[in-house]
Amino acid sequence: MIFLYLCAMISENHAGEARRPGRIEVVCGSMFSGKTEELIRRLRRAQFAKQHVEIFKPAIDTRYSNEEVVSHDHNTITSTPIDSSASILLLSSNIDVVGIDEAQFFDDGLVSVCNELANRGVRVIIAGLDMDYKGLPFGPIPALCAIADDVTKVHAICVKCGSLAYLSHRTVQNDKRVLLGETQEYEPLCRECYQRAIAEE
């Protein structure tokens, strides 16, 4: 009896992966927390399930590649660079799953775009920074978290004390809110170490 129940559960899970209803999933956190890694993992599972997948990223993000989404661990997946969230609707016909990386760099119209896609039955998976280097809510991510069916907050490790990181502390002198960078420009810090760092600046 237990064996039959487990078989039914496994069958149900496979069917659910192949035919998921429209929904919005957000993966957010600081830099170096594995957001893009998790996005790629979910998108690859969808591809294995023979779903039609389309991935988008901001055209301004050319750190590793012009046309691929690349994690800090150098895992990659092919993507379409775009300048505006409105382009996602134009390029997402007959798509089962839409992935969006570095969503904090998109305009606020991304919220209604994702809602429209989910209402059409599309599974939308979004990855992005929820806070900027000052600890302020970043771009459309907070609003996307509010309307999401599922929010996963991931954490990097504080480079000072080993606790869970709170945000990405900027280590270079630059007041621009959007500054593309890596370990040379940012470090993940917990709340306590961040407060200590800004007090010393």
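Structure shown above.
No experiment lies behind these values; they were computed from the predicted model shown.

What about the layout of surface pockets?
Thinking step 1. Reported here for the second largest pocket is a volume of approximately 220 Å³.
Thinking step 2. If you go around the second largest pocket, you meet 12 residues; those closest to its centre are Tyr133, His169, Arg170, Val172 and Glu201.
Thinking step 3. Of all the elements in the fold, those that place two or more residues in the lining of the second largest pocket are β9 (167-170) and α6 (191-200).
Thinking step 4. Within the lining of the second largest pocket, the residues separate by chemical class into four nonpolar, four polar and four charged.

Here we look at the pattern of salt bridges
Thinking step 1. Overall, the coordinates contain eight salt bridges when judged by the stated rule.
Thinking step 2. A salt bridge links Arg123 to Glu25, with the nearest nitrogen and oxygen atoms 2.6 Å apart. With Arg123 in strand β7 (residues 123-129) and Glu25 in strand β1 (residues 23-29), the pair connects residues that are 98 residues apart, well separated along the chain.
Thinking step 3. For Glu25, a relative accessible area of 2% gives the class buried.
Thinking step 4. Among the salt bridges present, the one from Glu192 reaches Arg196, with a minimum N-O distance of 3.1 Å. Here Glu192 and its partner Arg196 are both found in helix α6, four residues apart, which amounts to about one turn of the helix.
Thinking step 5. Owing to a relative accessible area of 42%, Arg196 belongs among the partly exposed residues under this scheme.
Thinking step 6. The structure contains a network of salt bridges with shared partners spanning Arg23, Glu25, Glu38, Arg41, Arg42 and Arg123.

Digging into the packing of aromatic side chains
Thinking step 1. Tallied over the entire structure, the rule returns two aromatic pairs.
Thinking step 2. With a centroid separation of 6.5 Å and 50° between ring planes, the pair formed by Tyr166 and Tyr194 is classed as tilted. Note that Tyr166 is positioned in the loop between β8 (150-154) and β9 and Tyr194 in helix α6, a separation of 28 residues in sequence.
Thinking step 3. Judged by relative accessible area, Tyr166 falls into the partly exposed class, the value being 22%.
Thinking step 4. Note on Tyr194: relative accessible area 8%, which makes it buried.
Thinking step 5. Positioned above the aromatic ring of Tyr133 is the side chain of Arg170, whose terminal nitrogen or guanidinium carbon lies 3.7 Å from the ring centre.

Here's the deal with the nonpolar core
Thinking step 1. By size, the foremost hydrophobic cluster in this structure holds 23 residues, and its most contacted members are Ile88, Ile100 and Ile126.
Thinking step 2. For this core, the leading source of residues is helix α4 (residues 110-119), giving six residues.
Thinking step 3. Among residues more than four places away in sequence, those in contact with Ile126 are Ile24, Glu25, Val26, Val27, Ile100, Ala103, Cys114, Ile141 and Leu144.
Thinking step 4. By size, the runner-up hydrophobic cluster in this structure holds 10 residues, among which are Leu39, Ala46, Ile55 and Ile77.

Concerning the sheet that holds β8
Thinking step 1. In spatial order, the strands read β5-β2-β6-β7-β1-β8; together these six strands make up an open sheet with parallel pairing. In this open sheet, the two strands that pair with only one neighbour each are β5 (80-82) and β8. Across the sheet, the mean angle from the axis of one strand to that of its neighbour is 20°, orientation sign disregarded.
Thinking step 2. As paired elements, β1 and β8 share five bridges and run parallel to each other. Looking at β8, one finds that Val27 is bridged to Thr152.
Thinking step 3. On top of the sheet, helix α2 (residues 35-48) reaches β1, β2 (53-58), β6 (97-100), β7 and β8; it is set at about 165° to β7, its chief contact.

Comments concerning the pairing of β1
Thinking step 1. By the criterion of burial, β1 is predominantly enclosed, with seven of the seven residues buried.
Thinking step 2. What you see with β1 is no split at all: Arg23, Glu25, Val27 and Gly29 on one side and Ile24, Val26 and Cys28 on the other are buried throughout.
Thinking step 3. Direction of pairing for β1 relative to β7: parallel, over a ladder of seven bridges. Note on β7: the bridge partner recorded for Cys28 is Gly128.

Reading the values: the criteria
Residues numbered from 1 in each chain as written. Predicted model: local features only at pLDDT ≥ 70, side-chain atom pairs only at ≥ 80, totals over all residues. Heavy atoms only, no water. 1 Å grid on protein atoms, 1.4 Å probe; cavity = no way out; pocket = protein on both sides within 12 Å on 5 of 7 lines; lining within 4 Å. Points joined across faces, edges and corners; volume = space filled by probe spheres on them. Helix = DSSP H or I, 4+ residues; strand = E, 2+ residues; numbered from the N terminus. Nonpolar A, V, L, I, M, F, W, Y, C, P; charged D, E, K, R; others polar. Salt bridge = Lys/Arg side-chain N within 4 Å of Asp/Glu carboxyl O. Buried < 20%, exposed > 50% of the residue type's maximum accessible area, 1.4 Å probe, protein only. Phe/Tyr/Trp six-rings, centres within 6.5 Å; stacked < 30°, edge-to-face > 60°. Lys NZ or Arg CZ within 6 Å of the ring centre and 35° of its normal. Core = buried A, V, L, I, M, F, W, Y, C linked by side-chain atoms within 4.5 Å. Contact = heavy atoms within 4.5 Å. Pairing = 2+ DSSP bridges. Axes fitted to C-alpha atoms, helices over the stretch in contact; angles between N-to-C directions.

These values are about where atoms sit, not about what they do.
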